[in-house]
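Below, each chain spelled out in residue letters.
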Amino acid sequence: MLLRSNRLYNVRIEIGSAYFPIIHSLYIDSSNISCDMCSNSPINMEIKRTNLLPEVFLILVLTFTNIFAIASANSDQTETYIVHLNAPDGVRFDKPEDRRGWYNSFLKASTADSDVKPSLIHAYHNVFTGFAAKLTADQVKAMENMDGFVSARRERVYKLHTTHTPTFLGLHQNLGVWNGSNYGKGIIIGVLDTGITPGHPSFDDKDVPPPPAKWKGKCDGSWCNNKLIGARDFTNSTGTGSPVDEEGHGTHTSSTAAGNFVDANGTAAGMAPLAHSAMYKVCDDIGCFGSAILAGMDAAIEDGVDVLSLSLGGASVPFYEDSIAVGAFSAIRNGIFVSCSAGNAGPVNASLANEAPWILTVGASTVDRSIRATVYLGNKDLFDGESLFQPKDFPQDYMPLVYPGLNGGQDAAWCAPGSLNDIDVKGKVVLCDRGGNIARIAKGQTVKDAGGAAMILANAEIDGDTTEVDAHVLPASHVAYYVGVTIKTYINSTSSPAATIIFRGTVIGVDSAPAMASFSSRGPSLASPGILKPDIVGPGVSILAA
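Residues numbered from 1 in each chain as written. Predicted model: local features only at pLDDT ≥ 70, side-chain atom pairs only at ≥ 80, totals over all residues. Heavy atoms only, no water.

Novice: Please provide a residue-by-residue account of the overall build of the chain, values included.
Specialist: Within the chain, the regular secondary structure consists of eleven helices and 25 strands. Among the 546 residues that make up the chain, the fraction classed as buried is 47%. (Helix = DSSP H or I, 4+ residues; strand = E, 2+ residues; numbered from the N terminus. Buried < 20%, exposed > 50% of the residue type's maximum accessible area, 1.4 Å probe, protein only.)

Novice: Summarise the environment of Asp306; cite the residues concerned and give the values.
Specialist: Looking at the secondary structure, you find Asp306 in the loop between α7 (290–303) and β14 (307–310). Asp306 sits 32 residues away from Val338 along the chain, and the two C-alpha atoms are 8.9 Å apart. Among residues more than four places away in sequence, those in contact with Asp306 are Gly186, Ile187, Ile188, Lys214, Gly335, Ile336 and Phe337. Among the polar contacts made by the side chain of Asp306, one reaches the side chain of Lys214 at a distance of 2.3 Å. (Contact = heavy atoms within 4.5 Å. Polar contact = N/O pair within 3.5 Å; in protein donor to acceptor, adjacent residues only side chain to side chain.)

Novice: Tell me about the nonpolar core, residues and numbers included.
Specialist: In this structure, Tyr280, Ile293, Met297, Leu308, Leu310, Leu312 and Ile324 are the most contacted members of the largest nonpolar core, which totals 41 residues. If you list the elements that add at least two residues to this core, you get β4 (119–124), β8 (188–193), β12 (276–281), α7, β14, α8 (323–333) and β16 (337–341). Of the residues forming this core, the biggest block, eight residues, is contributed by α7. With near-sequence residues (within four places) excluded, Ile293 lies in contact with Tyr158, Leu192, Val282, Cys288, Leu310, Leu312 and Ile324. Counting 24 residues, the second-largest nonpolar core is a separate cluster that includes Val375, Phe394, Ile456 and Ile487. (Core = buried A, V, L, I, M, F, W, Y, C linked by side-chain atoms within 4.5 Å.)

Novice: Run through the state of the cysteines, naming residues and quoting values.
Specialist: The term disulfide refers to a covalent linkage connecting the sulfur atoms of a pair of cysteines. In total, this model carries three disulfides according to the counting rule given. The disulfide partner of Cys283 is Cys288, and the gap between their sulfur atoms is 2.0 Å. Taking the sign of the torsion about the S-S bond as the criterion, the disulfide between Cys283 and Cys288, at about 105°, is right-handed. Here Cys283 and Cys288 have matching classes, each one buried. The disulfide that involves Cys415 links it to Cys432, with 2.0 Å between the sulfurs. Here the S-S torsion is close to -80°, and the disulfide linking Cys415 with Cys432 is therefore left-handed. One end of the pair, Cys415, is in the loop between α9 (409–414) and β21 (429–433); the other, Cys432, is in strand β21, with 17 residues separating them in the sequence. The buried category is assigned to Cys415, whose relative accessible area is 0%. Given the relative accessible area of 0%, Cys432 is considered buried. The connectivity of the disulfides in the chain is 1-2, 3-4, 5-6, where the numbers refer to bonded cysteines in sequence order. (Disulfide = S-S within 2.5 Å.)

Novice: Run through unusual backbone geometry, naming residues and quoting values.
Specialist: Note that the residue after Gly346, namely Pro347, is joined by a cis bond; omega there is 0°. Its place among the elements puts Pro347 in the loop between β16 and β17 (360–365). Cis geometry marks the peptide bond from Gly523 to Pro524; its omega dihedral reads 5°. Along the polypeptide, Pro524 turns up in the loop between β24 (498–508) and β25 (536–539). Unlike most non-glycine residues, Ala350 shows phi in positive territory, near 55°. Take Ala350: it is sitting in the loop between β16 and β17.

Novice: So what about a nonpolar patch on the surface? Which residues, and what values?
Specialist: Nonpolar side chains collect at one region of the surface, where Tyr481, Tyr482 and Val485 lie side by side and expose about 270 Å² of accessible area between them. Given a relative accessible area of 30%, Tyr481 falls into the partly exposed group. (Patch = residues over 30% accessible without salt bridge, like charges linked within 9 Å, V, L, I, M, F, W, Y side chains within 5 Å. Areas by Shrake-Rupley, 256 points an atom, 1.4 Å probe, with all protein chains shown as cover. Salt bridge = Lys/Arg side-chain N within 4 Å of Asp/Glu carboxyl O.)

Novice: Could you give an account of the pattern of salt bridges, with specific residues and numbers?
Specialist: Per the counting criterion, the structure on display carries 13 salt bridges. Notably, a salt bridge pairs Arg372 with Asp384, separated by 3.1 Å at the nearest N-O pair. Placement of Arg372 in strand β18 (residues 369–377) and of Asp384 in strand β19 (residues 382–386) is noted, with a sequence separation of twelve residues between them. Judged by its relative accessible area of 14%, Arg372 falls in the buried class.

Novice: Account for the packing of α7 against α8, naming residues and giving values.
Specialist: Between α7 and α8, whose axes approach to 9 Å, the crossing angle comes to 10°. If you check the angle between α7 and α8, you find them roughly parallel. Side by side, α7 and α8 meet where Gly290, Ile293, Leu294, Met297 and Ile301 of the first sit next to Ser323, Ile324, Val326, Gly327, Ala328, Ser330 and Ala331 of the second. Here the contact of α7 with α8 is built from residues that sort into eight nonpolar, four polar and no charged. (Axes fitted to C-alpha atoms, helices over the stretch in contact; angles between N-to-C directions. Parallel < 35°, antiparallel > 145°, perpendicular 65-115°, else oblique. Nonpolar A, V, L, I, M, F, W, Y, C, P; charged D, E, K, R; others polar.)

Novice: Residue-level account of the side chain of Arg232, with values.
Specialist: Residue position: Arg232 is located in strand β9 (residues 228–233). In this structure Arg232 comes out as buried when scored by relative accessible area, which is 18%. Among residues more than four places away in sequence, those in contact with Arg232 are Lys218, Asp220, Pro243, Met279, Tyr280, Lys281, Ala299 and Asp303.

Nothing here speaks to function; it is all geometry.
Spelled out as structure tokens, the structure:
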């Protein structure tokens with residue numbers, strides 16, 4: 001009797017705290033084994049086990065060889081760790097260089113049994129006693145027995161939370177609270193973000209006095225003035241980076257907080273237009289690294305800012321693991337007010353960032369301004385939407401209306417790139433669903449590339465009624481979820497659906513404002529459920545700023 005068997009053997013090997021599952025399929029050719037009665041006789045089973053042993057032994061040898069090679073490679077792999085220390089009793093560091101020298105002693109001690117040289121990235125002096133460095137796991141372990149060592153953790157990467165507002169808030173030039181506060185004159189606002197755009201009119205220093213004598217910061221550029229008094233880059237540990245904003249987020253948030261008065265079809269201004277602004281660049285095109293955030297906060301405390309503003313954050317973790325919470329705690333102890341965005345992960349419950357009780361956590365709400373783009377259907381129904389692109393010559397005649405999602409699949413419903421190539425949308429108004437991890441403006445580009453005349457962008461259910469003013473690449477209107485459902489019902493009700501868009505410009509006095517933005521993160525706090533968060537909400541939807 002000929003026996004052939006495929007067997008699957010699962011082997012799990014444990015080395016320290018690491019588990020390595022190994023799966024191998026063994027093919028056993030037992031063509032020389034015979035059995036008069038059955039293949040499961042004791043004799044045959046013993047022969048099988050005997051024949052299998054060399055193969056299992058070979059597999060285990062190869063497996064162990066691979067595992068130890070991987071383990072060796074991982075032991076030489078460096079990552080950025082944030083190391084907390086306690087200074088020895090009675091020891092004072094009179095100069096930053098003294099403290100840095102003590103930090104370096106930990107790095108030197110950690111390399112005794114390693115060929116990999118650690119590198120100090122940031123030395124902290126104000127947020128806590130400690131440093132950030134590129135280290136291997138073995139080097140971190142070597143530090144653990146040194147006097148003064150408290151903890152070491154891998155750094156986290158945080159994400160960015162991305163003119164009529166003063167009037168909406170009741171702030172008027174030469175009147176009331178704004179005038180009484182002197183428009184923030186003499187206050188220094190430190191912003192941690194992607195950098196700053198020098199020369200922008202929002203950072204002109206007209207009517208802004210010199211900074212207070214307590215200011216000790218510096219500007220890594222020749223373009224600072226009495227308004228923009230500081231600009232430094234902490235994304236590059238060598239100190240050779242530029243604080244210039246290549247992304248735009250930091251310029252936007254800085255001008256929202258402290259932009260000077262700018263005349264542009266009305267007067268635009270930040271909330272503290274005569275305050276001083278200092279930019280601490282802690283984010284690059286990858287994200288906002290915890291070590292850089294701590295370095296920026298460390299410098300801001302040393303420089304003498306009065307307020308720290310951060311529009312970035314991460315998922316909920318214990319406060320001691322959160323670089324923003326740790327840095328903010330030290331800032332508060334130094335008399336600095338810290339304000340942070342709640343996040344853009346709503347409307348899901350418990351989606352907050354920046355939930356520490358010593359931080360003012362700010363959610364996003366709407367303002368009573370709409371840059372109106374009204375959808376006019378063939379059945380005479382009108383639905384208000386929004387778009388920053390307001391063409392003056394868009395035809396008011398009806399055009400065919402099409403929803404690619406009816407027959408084109410989910411990608412076509414989302415107007416994903418290339419999804420409309422085989423669908424006739426030329427000269428038509430195209431209804432696109434929001435979602436699919438595709439940017440709103442990119443959907444319009446897909447419609448335009450396929451020859452569409454205009455786009456109606458309909459919210460997903462989770463987005464609710466919150467619409468945003470975007471600089472679309474073609475005539476468009478962003479409408480609420482219920483409007484999208486109504487438009488789809490209309491399309492299904494007629495053989496020749498039609499629509500156009502009426503662009504009405506800026507409309508002031510929207511009755512529903514302020515309303516909580518759908519994307520604004522919600523409480524409760526996961527790290528400390530007894531804390532009610534966010535603390536307040538403020539204008540955060542379609543804010544016009546630098």
